[in-house]
Amino acid sequence: MHKSILLAILPLAAFAAKEPYTWPVTGVVTEECAVAVSVKPMLYSATTQGREDGLRSELRVRDSKGRDIPYAFRAAKTRVVDEVKDWRELKVTRVTETDGRLVVDAEFPAGSSNPERFLALKVATPLTDFEQSVEVSSEGVPLASGVLCDYRKFADLRVTEMPLEASYRRTLTVTFAKPTSEAAAAAFERTIRENGEGKLEAKSVRESVVNRPFRIDSLSVAVPRTRVRFEAAPQMDVLTACTVETDSKAKKTVLETSVFGLPMTAIAVNATDRNFSRKVAVFRRMDARWHPLATGRISAVNLPGEKKSNLEIAFGREVRETAIRVEIENDDNPPLTLETTSDAGVGLPLTLKVTQYDIVFVATPGEKYSLVVEPGADRPRYDEAILGYIDRVQDPVRFEIKLPLYDGDDVLNGENGPTAIWLTTPFDVIPFISVIVFVVLGLICIWLIKSTNPPKPES
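Computed from a predicted structure; not experimentally measured.

So, the overall build of the protein
Within the protein, the regular secondary structure consists of 5 helices and 32 strands. Buried residues in the protein amount to 42% of all 459 residues. Of the contacts made within the protein by residues no fewer than 6 positions apart, 77% connect residues no fewer than 24 positions apart. About 25,000 Å² of surface is accessible on the protein, with carbon and sulfur atoms providing 49% of the total.

Shown next as structure tokens:
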């Protein structure tokens, strides 16, 4: 094991080891409601390794009096807010034909809440095969112009909406360039002439044109409406330390690391080379042997006119393993250059793609909570009434795990504790420290794996 790596981050492990199975939770509510805590990697590392669903069985949520609080363990969701169109039909108040144009006056329906702005105008018409120029104004002020059309005799194209980016107006004037539209009649006249010998002398076809009034069934405007939806949270990237060895005889680079039962869906090899394509095999450790888990190919091209990169090996499902082995086939190429140094001074050649989960429970006003992992505990069984309520809450209040080095807004600096390497990072310190602690445990487990001289992978 690389001793300098351990020495750089061992103080963090010491802080984490004071209470290895208990983590306070930050956050207080003023009224009873559902709250959610993001599951961090160190929670998985504290559970019984190799146990199926170890965290779900051994995790407890406790209040300040030490009482267990019912909770749900569920996949994290992201709140997505979209602006969608809400169509409101206008009331037509007057229709006139002026200077060869069709002018329609309309007003926003009374009795409905007035929006801040309009997004679009829609004209409902039964006509087909037309092209119509449209201008929209309000009290003489031009607001928008556009073209509506139906070209179905040529292609499957019909446009009856046009942009109308304008602030709210009570009345609108919509002017159409053509009060009538022309269309070819379905019938046509054909004339055939023959000469005296009965031979064809001439043939003519004459199509007739029909003028149709531009019929308007209704006018509608689109106003903005906020729509909230929830979708699966993006995968969490967990950088992990590995042992890296080059097998010259087998022409392979071999990486091994402990993953503590994290719910992984893929891994990414953090290679820095510019142009390569290598076959990769991933193995999982089970029954003291390495068993195949997934295969794939990683590649990167950075040449003039072509730039692409794919460094991930997907598993096709969520897997929870104690350790993984990654074999990169080099053939006769030089070994790939891997990320061997991070901002924390730690070698992090692999990135684990991990499904994000939440711990959701009902919090009471003013109460403080903590997360506790009890190795070997049975899976808890809670009241269905509470679990049903929690399941229906889509957007709970967010609480966070408080790590020993983090106390509200006060982060220990280099003078009062270990070098605060995380202060230079642009992201949230809590997940970052969690990953660092996870790395420490991973390095220790790697050393243990190596010390037992594990057998070669199964073919």
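What follows picks up the thread again.
Some points on the confidence of the model for the protein
Looking at the protein as a whole, its pLDDT mean stands at 82, while 75% of the residues score no less than 70. Mean pLDDT across the elements of the protein bottoms out in strand E32 (residues 410-411) (34) and peaks in strand E28 (residues 357-363) (97). In this model residues 405-433 is a low-confidence stretch, pLDDT under 50, and it forms 36 contacts with partners more than four residues away in sequence or in other chains.

Some remarks on the packing of aromatic side chains
One pass over the structure, following the stated rule, counts 8 aromatic pairs. Between Phe 108 and Tyr 168, the aromatic rings sit 5.4 Å apart at their centres with planes inclined by 85°, giving edge-to-face as the arrangement. Residue Phe 108 is found in the loop between strand E8 (101-107) and strand E9 (117-124), and its partner Tyr 168 is found in the loop between strand E13 (161-167) and strand E14 (171-176); the two are separated by 60 residues along the sequence. You can call Phe 108 buried: its relative accessible area is 1%.

Brief notes about the sheet that holds strand E27 (residues 350-354)
The strand order across the open sheet formed by 4 strands is E18-E27-E21-E25, and the pairing between neighbours is antiparallel. Every other strand in the sheet has two partners, leaving strand E18 (236-240) and strand E25 (312-320) as the edge strands with one partner each. Strand-to-strand, the axes of this sheet are offset by a mean angle of 25°, without reference to chain direction. When E18 meets E27, the two strands line up antiparallel, connected through 5 bridges. Bridging from a neighbouring strand, Asp 237 pairs with Lys 353 of E27.

As for the pattern of salt bridges
For the coordinates displayed, the defined rule picks out 31 salt bridges. Between Asp 86 and Arg 88 there is a salt bridge, and its shortest N-O distance comes to 3.5 Å. The partly exposed category is assigned to Arg 88, whose relative accessible area is 21%. The closest approach of N and O atoms between Arg 117 and Glu 165, which form a salt bridge, is 3.6 Å. Taken together, the residues Arg 117 in strand E9 and Glu 165 in strand E13 connect sequence positions 48 residues apart. Salt bridges sharing common partners tie together Asp 53, Glu 318, Arg 320 and Arg 379.

Details of the environment of Glu 58
On the secondary structure map, Glu 58 appears in helix H3 (residues 54-58). Sequence separation between Glu 58 and Asp 378 is 320 residues, and the spatial gap between their C-alpha atoms is 6.6 Å. In this structure Glu 58 touches Thr 47, Thr 48, Arg 51, Val 372, Val 373, Glu 374, Pro 375, Gly 376 and Ala 377, once residues within four positions along its chain are discounted. Only 2.7 Å separates the side chain of Glu 58 from the side chain of Thr 48, close enough to count as a polar contact.

Focus: the nonpolar core
Membership of the largest hydrophobic core comes to 55 residues, with the highest contact counts inside it found for Ile 359 and Phe 361. Here Phe 361 is in contact with Cys 33, Ala 34, Val 35, Val 37, Val 61, Ile 69, Pro 70, Tyr 71, Tyr 369, Ile 390 and Phe 399, once residues within four sequence places are set aside. Listed in part, the 27 residues of the second largest apolar core include Leu 90, Leu 102, Met 162 and Val 174.

Observations regarding unusual backbone geometry
Positive phi, normally seen in glycine, also occurs at Lys 251, with a value near 60°. As for its placement among the helices and strands, Lys 251 is situated in the loop between strand E19 (243-247) and strand E20 (252-258). On the basis of relative accessible area, Lys 251 is assigned to the partly exposed category, the value being 39%. Although it is not a glycine, Asp 331 adopts a positive phi angle of roughly 55°.

So, the pairing of strand E23 (residues 289-303)
Direction of pairing for strand E22 (residues 276-286) relative to E23: antiparallel, over a ladder of 11 bridges. What sits directly across from Phe 283, in E23, is Pro 292. A loop of 2 residues connects E22 with E23, the two strands running antiparallel in sequence, and Asp 287 in this loop sits at a positive phi of about 55°. Examined bridge by bridge, E23 and strand E24 (residues 306-310) share 5 bridges and lie antiparallel to one another.

Quick look at the side chain of Thr 253
Structurally, the position occupied by Thr 253 is in strand E20. Exposure remark for Thr 253: the relative accessible area of 4% places this residue in the buried category. For Thr 253, the side chain forms a polar contact with the side chain of Asn 330, separated by 3.0 Å. Beyond its immediate sequence surroundings of up to four residues, Thr 253 is in contact with Val 244, Glu 245, Thr 246, Val 326, Glu 327, Ile 328, Asn 330 and Pro 335.

How each quantity is defined
Residues numbered from 1 in each chain as written. Predicted model: local features only at pLDDT ≥ 70, side-chain atom pairs only at ≥ 80, totals over all residues. Heavy atoms only, no water. Helix = DSSP H or I, 4+ residues; strand = E, 2+ residues; numbered from the N terminus. Buried < 20%, exposed > 50% of the residue type's maximum accessible area, 1.4 Å probe, protein only. Contact = heavy atoms within 4.5 Å. Areas by Shrake-Rupley, 256 points an atom, 1.4 Å probe, with all protein chains shown as cover. pLDDT = per-residue confidence, 0-100. Phe/Tyr/Trp six-rings, centres within 6.5 Å; stacked < 30°, edge-to-face > 60°. Pairing = 2+ DSSP bridges. Axes fitted to C-alpha atoms, helices over the stretch in contact; angles between N-to-C directions. Salt bridge = Lys/Arg side-chain N within 4 Å of Asp/Glu carboxyl O. Polar contact = N/O pair within 3.5 Å; in protein donor to acceptor, adjacent residues only side chain to side chain. Core = buried A, V, L, I, M, F, W, Y, C linked by side-chain atoms within 4.5 Å.

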